[in-house]
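# Coordinate inspection notes
Chain residues, written in single-letter form:
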Amino acid sequence: MAGVQVSNVSRSFGAHKALDDVSIDFADGGFYALLGPSGSGKTTLLRQIAGFDFPDSGRIAIGGESVERVPVEKRRIGMVFQNYALFPNMSVADNVAFGLSVRGEAKPVIATEVQRALDLVQLGKLGGRRPHQLSGGQRQRVALARAIVTKPRVLLLDEPLGALDKALRVDMQIELKRIQREIGITTIFVTHDQEEALTMSDRIGILRDGRVVQEGPPEEIYDRPKSEFAATFLGDANIFRGDSTGNGIRLPDGTAIAAGVGATLAAGAKASCAVRPERIRIATDGGASDGNANTLKGQVSKRIFAGNNSTYFVERAGQTLKVIVQNTGADRLAEGQDVVLRWSPESTVLIAAG
Amino acid sequence: MAVEGAVASRSGLRSALPLLAPAYLWLTVAIFLPLSAMVFFSFMTELPLSGKPWAFTLGNYAAFFSQSLYLTLLLASLRLGLEVTLWCVVIGYPAAYVLAKVLKGRSREAIFLLVILPFWSNGLVRIFSWAMVLRQGGILDTALNAVLPFKINIDLMYSYPAVIIGLVHSYVPYMVLTCYLTLQAIDDSLIEAGRSLGASRLQVLKRVIIPLSMPGLVAGAALIFVPVVGSFMEPRILGGRTGTFYGTVIEDQFVAVFNWPLGAALSFILLAVVLVILAVASPVLRRAA
């Protein structure tokens, strides 16, 4: 097992810069999600770490050893592919045995290791089946067993749950996390699903246009996004734009919004504030104001009921704000109703414009 | 359920009949009837069209067994078929691999066209152009002597290698095409998965790519082996005196000696031998695939 250091890695395909000076430190034994929209470079980065493709410049180290020019078969990595990539001409057990067998391990050793890996993914009895006889979730588990049976230094997962339906995906998230903890392997996980990234990983790196936008633990990125992109890509956010007042912003219409967290900016600079929809309280009356809370008046334009919560769309000065309210059984607000929105400065993140 | 299924499949067959009928009608008229006539001829002493009196006989088949020449020629033809098929694999498979897995877009189309081109040229033209290349003082001989500092004498014309060269040229596109189709169907991520598990490119080729493309290899081999065993044009033109094979002997019976019954009998013996070979080989090949 080993950590992975990516330092100043760049990779271009023709005129397109797929990776632009990317540096990330993947800690030993950690579960790391690379999150980004399609074309953000997250898969390209994974392929550089795997060794399917080499960077134009920069350094990649696995366990402290430089590998950026080492071909994939010599890197001792395990990889799970989006479409599972099981060998259709082999049984499940032979698929799992492949890595050990090309390495020339003895037959009894292979048999024991394969059985242990299949037991770990709870497919101990299906070794004799062919891949096409398995369900999507089972194939996923075989792919995982095949990737970890060789005891790789790093486990790389390329959108491994993308092809599964919602319920199965949640099961596999838990399962994957359990197995990762059990063997303690450094895991790098590419996904475009922000919920998956939030629930599974110790750290998240958000990529956009080949650059790392923000990197850190899920709570930190969610609570203190450093850019509008990070704020809106990981979770939902209301974005207010205006001029910095040093501890908040002033909207074009003169309204001040106080921000308790985020960047330190000189007064007068262009800036934004991000507020999560679930941090905003919504009420019909103007009273019950708590001292320093940010307050805005608006009108409900739409309500979406989702069982455990409701999302209100509130029109305010040409901007549509989103507010999520837990279903506590309290009176629901009707569309067209005038409302007051309140939230604390501690829930408001100051972001430099750009 | 089973009854319903049977009804459904029967009605499926009925609705498919108009689609199947033209092909089968054509096959019946164009192949089955003449072939039946040939079976009939092969049991006759004389061709009925010649006006001479004729009778039924097994003599044409007996001739094959009574004269060792026919067996010798058949074995030579089988060996020729095997060698040509092998060369087609050696030459065609790598080409198919590059076409399917390495080249993309325009360059793939261009190379593909070059592979197909022999198909579109007339067979005789193809063979005679080889004759110009291979003979003494021909294109190959002249070109090599122009380049090399010492004098060499290339005269491949009327030799066994010339027959092989001509046949491989004619039939290699079949191998390229059938292998290309199966290779192209192999997901690139399977190759990447193999390498991520520590397998070298050669190990991936041996354990993943070749087994998965086996159906294409088998189909290509069958498409090449069968006609090559019965071939007569390439052996006759490029092989000259050395080009006497089973196929040329059959051809002689039809166009030179006018012993159609013997020619027909020899053809059917060949067909039987080829079918037996394919039947014996198919379980082995299927297991490999």
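So, how was this worked out
- Residues numbered from 1 in each chain as written.
- Chains lettered and ligands numbered in written order.
- Predicted model: local features only at pLDDT ≥ 70, side-chain atom pairs only at ≥ 80, totals over all residues.
- Heavy atoms only, no water.
- Disulfide = S-S within 2.5 Å.
- Buried < 20%, exposed > 50% of the residue type's maximum accessible area, 1.4 Å probe, protein only.
- Axes fitted to C-alpha atoms, helices over the stretch in contact; angles between N-to-C directions.
- Helix = DSSP H or I, 4+ residues; strand = E, 2+ residues; numbered from the N terminus.
- Parallel < 35°, antiparallel > 145°, perpendicular 65-115°, else oblique.
- Left-handed = near helix turned anticlockwise from the far one by under 90°.
- Contact = heavy atoms within 4.5 Å.
- Nonpolar A, V, L, I, M, F, W, Y, C, P; charged D, E, K, R; others polar.
- Domains from an automatic or database assignment.
- Pairing = 2+ DSSP bridges.
- Buried area = accessible area lost by both parts, 1.4 Å probe.
- Salt bridge = Lys/Arg side-chain N within 4 Å of Asp/Glu carboxyl O.
- Core = buried A, V, L, I, M, F, W, Y, C linked by side-chain atoms within 4.5 Å.
- Phe/Tyr/Trp six-rings, centres within 6.5 Å; stacked < 30°, edge-to-face > 60°.
- Expected span 1.5 Å × (residues − 1).
- Bend = angle between axes of the 7 residues up to and from the residue.

Residues and elements named next belong to chain B. Tallied over the entire structure, the rule returns zero disulfides over all chains. Free cysteine: C88, not disulfide-bonded; nearest cysteine sulfur from C179 at 10 Å. With relative accessibility at 0%, the residue C88 sits in the buried group.

This part takes up the packing of helix α2 (residues 92-102) of chain A against helix α3 (residues 107-120) of chain A. All names here are of chain A. As a packed pair, α2 and α3 sit with axes 9 Å apart at the nearest point and diverge in direction by 125 degrees. Judged by the inter-axis angle, α2 sits oblique to α3. Judged by the twist between their axes, the crossing of α2 over α3 is right-handed. Mapping the contact onto sequence places V92, A93, V96, A97, L100 and S101 in α2 and I110, E113, V114, A117 and L118 in α3. For the contact of α2 with α3, the residue count by class is nine nonpolar, one polar and one charged.

A separate point is the domain arrangement of chain A. Each assigned domain of chain A is listed with its residue range as follows: domain 1 (4-223) and domain 2 (238-352). Taking only C-alpha atoms into account, the centre of domain 1 of chain A sits 39 Å from that of domain 2 of chain A.

Bringing the sheet that holds strand β20 (residues 338-343) of chain A into the picture now. All names here are of chain A. Strand order across the open sheet formed by five strands is β16-β20-β17-β18-β19, with antiparallel pairing between neighbours. Edge strands, defined here as strands with exactly one partner in the open sheet, are β16 (281-283) and β19 (319-326). Across the sheet, the mean angle separating the axes of adjacent strands is 45 degrees when strand polarity is ignored.

The subject of this paragraph is the interface of chain A and chain B. At the interface, 21 residues of chain A touch 17 residues of chain B. Between chain A and chain B, roughly 1700 Å² of surface is buried when both sides are summed, and carbon and sulfur atoms account for 61% of that area. On the chain A side of the contact with chain B, E73(A), F98(A) and V102(A) bury the most area, a combined 31% of that side's loss. Scanning the region where chain A abuts chain B turns up two salt bridges.

Residues and elements named next belong to chain A. One non-glycine residue with positive phi stands out, namely R76, at about 50 degrees. Structurally, the position occupied by R76 is in the loop between β5 (65-66) and β6 (77-80). The phi torsion at A317 lies on the positive side, around 50 degrees, for a residue other than glycine. Within the secondary structure, A317 is located in the loop between β18 (309-316) and β19. On the accessibility criterion, A317 (65% relative accessible area) is exposed.

Judged by nonpolar contacts, the single largest core of 69 residues is most densely connected at F26(A), L34(A), L45(A), L156(A), I188(A) and V84(B). Ranked by the residues each element gives to this core, the list is headed by helix α7 (residues 160-184) of chain B, at 11 residues. Apart from residues lying up to four places away in sequence, L156(A) is in contact with L46(A), I49(A), A50(A), I77(A), G78(A), M79(A), V80(A) and I188(A). Counting residues in each nonpolar core, the second largest holds 43 residues, with I110(A), M200(A), I204(A) and A230(A) among its members.

In this section: the packing of α2(A) against helix α4 (residues 136-148) of chain A. Residue and element names in this part refer to chain A. Direction vectors running N to C along α2 and α4 enclose 30 degrees, while the axes themselves pass 7 Å from each other. Classified by the interaxial angle, the pair formed by α2 and α4 is roughly parallel. α4 is crossed by α2, and the crossing has right-handed handedness. The residues of α4 that touch α2, namely those facing V92, N95 and V96, are V142, A145 and R146. Split into classes, the residues belonging to the contact of α2 with α4 amount to four nonpolar, one polar and one charged.

Right, let's talk about the packing of aromatic side chains for a bit. Residue and element names in this part refer to chain B. Going through the model one piece at a time under the given rule, you end up with 18 aromatic pairs over all chains. Aromatic side chains F40 and F56 sit 5.6 Å apart centroid to centroid with 70 degrees between the ring planes, which places their arrangement in the edge-to-face category. In this pair, F40 is assigned in helix α1 (residues 2-42) and F56 in the loop between α1 and α2 (59-66), connecting sequence segments 16 residues apart. Geometrically, the ring pair formed by F64 and Y246 is edge-to-face, given 6.3 Å between the ring centres and 85 degrees between the ring planes. Note that F64 is positioned in helix α2 and Y246 in helix α11 (residues 246-255), a separation of 182 residues in sequence. Both residues of the pair, F64 and Y246, belong to the buried class. Put simply, the rings of F64, F65, Y70 and Y246 touch in pairs and so form one group of aromatic residues.

Between its first and last C-alpha, helix α9 (residues 201-229) of chain B extends only 35 Å over 29 residues, short of the 42 Å set by a 1.5 Å rise per residue. For α9(B), the principal kink sits at M214(B) and spans about 50 degrees; a proline, P215(B), occurs within the next four residues.

On to the sheet that holds β5(A), then. All names here are of chain A. Spatial ordering of the open sheet is given by β2-β1-β4-β5, a layout of four strands whose pairing is antiparallel. What marks the edges here is a single partner per strand, and that holds for β2 (16-26) and β5. Across two bridges, the pairing between strand β4 (residues 57-62) and β5 is antiparallel. Counted as the bridge partner of I62 is E65 from β5.

All names here are of chain A. A full pass over the atoms with the stated rule returns 28 salt bridges over all chains. With a shortest N-O distance of 3.8 Å, K42 and E159 are connected by a salt bridge. Here E159 lies in the loop between β7 (154-158) and α5 (166-183) and K42 lies in helix α1 (residues 42-50), a separation of 117 residues in the sequence. In terms of burial, K42 and E159 fall into one category: buried. The shortest N-O distance in the salt bridge between K166 and E195 comes to 3.8 Å. In this pair, K166 is assigned in helix α5 and E195 in helix α6 (residues 194-200), connecting sequence segments 29 residues apart. On the accessibility criterion, E195 (44% relative accessible area) is partly exposed. Put simply, R141, E175, R178 and E182 are held in one network by salt bridges that share partners.

Along any regular strand the residues' side chains alternate between the sheet's two faces. All names here are of chain A. For β20, the tally of buried residues reaches five of six residues, placing the bulk of the element in the interior. As paired elements, β16 and β20 share three bridges and run antiparallel to each other. Paired with I282 across the bridge in β20 is L341. As paired strands, strand β17 (residues 294-305) and β20 are joined by six bridges and run antiparallel to one another. The partner of K297 across the bridge, within β20, is V340.

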